[in-house]
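Structural overview
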Amino acid sequence: MTEAVIVSAVRSPIGRAHKGSLREMRADDLAAQMVRAALEAVPALDPHSVEDLMMGCAQPAGEQGYNIARIVAMQLGLDTVPGTTVHRYCSSSLQTARMALHAIKAGEGDVFISAGVETVSRFGLGKSDGLPDTKNPAWFAPMERTKQLAKDPDARWSDPRDNGELPDIYIAMGDTAENVAQVRGVSRAAQDEWAVLSQNRAEAAAARGFWTTDITPVVLPDGTVVSADDGPRAGVTLEKLSTLQPVFREHGTVTAANCCPLNDGAAALVIMSDTRAAELGLTPLARIVATGVSAMTPELMGLGPVGAVRNALANAKMSISDMDIMELNEAFAAQVLPSIEDIGMDPEKVNVNGGAIALGHPFGMTGARMATTAIHALQERDEQFAVETMCVAGGQGMAMILERLS
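Basis of the calculations
Residues numbered from 1 in each chain as written. Predicted model: local features only at pLDDT ≥ 70, side-chain atom pairs only at ≥ 80, totals over all residues. Heavy atoms only, no water. Salt bridge = Lys/Arg side-chain N within 4 Å of Asp/Glu carboxyl O. Helix = DSSP H or I, 4+ residues; strand = E, 2+ residues; numbered from the N terminus. Buried < 20%, exposed > 50% of the residue type's maximum accessible area, 1.4 Å probe, protein only. Phe/Tyr/Trp six-rings, centres within 6.5 Å; stacked < 30°, edge-to-face > 60°. UniProt positions renumbered as here; feature names shortened; annotations may be inferred. Contact = heavy atoms within 4.5 Å. Pairing = 2+ DSSP bridges. Core = buried A, V, L, I, M, F, W, Y, C linked by side-chain atoms within 4.5 Å.

**Observations concerning the pattern of salt bridges**
Here the structure, examined in full by the defined rule, presents 21 salt bridges. The salt bridge involving Glu 63 is made with Arg 26; its shortest N-O contact spans 3.4 Å. With a gap of 37 residues between them, Glu 63 in the loop between β3 (52-56) and α2 (68-75) and Arg 26 in the loop between β2 (15-16) and α1 (27-40) connect regions that are remote in the sequence. We classify Glu 63 as buried; its relative accessible area is 12%.

This is the structure:
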């Protein structure tokens, strides 16, 4: 059977939104640089033979609107390459990889670009009438029931459907993390400990030179070259993190340090059939083994990876013990810890180079970024299988299993 293989994988540095290194970069320009780099990594491939450019973007409006995938194709002079923009919030560019997998398996194409971009810094710039003009558009204001939880330290989360009500579908993501922490008994100390681990692992990876391999530098409009993530901090300790105040609920446990920040970034994968790769004399980086999606009550969306990983493993006919590394998107430490427990992951194999708490989480980019990092981590460690997964706003989860081939 024809397999879907990744023949190149690149990702930009991740900038801090509004104040970071990529704040002046338009989303289309940033994405175009990464797509160009991904294509240049495969010189045997004629870029005009790409059958679809699929771009994940969680906020496809303003400068990120008007089908940014097609805009990027035109920027690169690929007039004959179609483009589509895909929106599944935090897993948008993982969804594009899944679409490439399905098209190849169905025999409806051989060469695809799976990419993702998010520039939270610039969302709202160049906006059309009616678009929100806010610095934080993805974290929608909490609805009435969530506001009650935020005000009352003794209030407990309960499934609204037990009372014949509908869940708050797009409540503030931080409130969903507080709900998970409350329901699963995840302490503030445990969250801070995981955040310190994420930062320390990212710092150690930098010391080894891992990020030099993982990151493709970006050239800013003024010619400045950015080659490192803004987020990782050296020397982070539990003592430092324990002094921070909660940010979503007065008596809560989620702080600015034990959740991901707002970010800018882009990533791109070239995915093709193994038969086309062989025709071109290419040695693929990895094979897409299987994917999985899941859904649950939106107010506990942080636990979405649990069902998604289980479904991906079932589709692959594998178990979690077969995975050598696990990339679990750190939207919040509050949801990472119970997800690890429920899936049965070995914490020592999870985010071995740090996760989004340290690196950042540009929503549309994250799926492709995690695939890139997972491939490079497998190469560095000379291991075979990885699973990447994330929770998704609205009460979803998504996962993908990769097998390293080179």
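**Focus: the packing of aromatic side chains**
Across all of its chains, the model carries 3 aromatic pairs by this definition. Between Tyr 89 and Tyr 170 the ring centres are 5.2 Å apart and the planes differ by 45°, which places this aromatic pair in the tilted class. Taken as a pair, Tyr 89 in the loop between β4 (83-86) and α3 (92-105) and Tyr 170 in the loop between α4 (144-151) and α5 (173-184) lie far apart in primary sequence, 81 residues in all. An angle of 75° between the planes, with centres 4.9 Å apart, marks the rings of Phe 210 and Trp 211 as edge-to-face. Given the relative accessible area of 3%, Phe 210 is considered buried.

**Digging into the UniProt feature "active site" (unreviewed entry) in the chain**
Feature annotation in UniProt assigns "active site" (unreviewed entry) to the following positions: Cys 90, His 361 and Cys 391. With the annotated positions falling across 302 residues, the maximum pairwise C-alpha distance of 11.9 Å places them together in a single cluster. Look past the residues within four positions of Cys 90 in its chain and what remains in contact with it is His 361, Phe 363, Thr 366, Gly 367, Met 390, Cys 391, Val 392 and Ala 393. On the secondary structure map, Cys 391 appears in strand β11 (residues 385-392). On the basis of relative accessible area, Cys 391 is assigned to the buried category, the value being 1%. Other than its neighbours up to four places away in sequence, Cys 391 contacts Cys 90, Met 301, Gly 302, Gly 304, Pro 305, Ala 331, Gln 335, Gln 396 and Gly 397.

**Regarding the pairing of strand β10 (residues 325-328)**
Each regular strand shows side chains that alternate between the opposite faces of the sheet. Burial along β10 is two-sided: the residues Ile 325 and Glu 327 and Met 326 and Leu 328 are all buried. In this structure, β10 lies alongside β11, joined through 4 bridges in parallel fashion. Looking across to β11, one finds that Ile 325 is bridged to Ala 386.

**Overview of the environment of Gly 265**
Relative to the elements of secondary structure, Gly 265 occurs in strand β8 (residues 263-273). When the C-alpha positions of Gly 265 and Ala 277 are compared, they lie 28 Å apart, and in sequence the two are 12 residues distant. Excluding residues within four positions of it along the chain, Gly 265 makes contact with Ser 12, Pro 13, Leu 22, Leu 30, Gly 116, Val 117, Glu 118, Pro 362 and Met 365.

**A closer look at the nonpolar core**
One broad trend across soluble globular proteins is that nonpolar side chains are buried collectively. One finds Ile 6, Ile 271, Phe 332 and Leu 402 to be the most contacted residues of the largest nonpolar core, which totals 60 residues. Ranked by residues supplied to this core, first place goes to helix α13 (residues 366-381) with 7 residues. Leave out the neighbours within four places in its chain, and Ile 271 touches Ala 4, Val 5, Ile 6, Ala 97, Ala 100, Ile 104, Asp 110, Val 111, Phe 112, Ser 114 and Ile 288. In terms of nonpolar packing, the next biggest core, distinct from the first, is built from 38 residues, Met 25, Ala 27, Leu 30 and Ala 277 among them.

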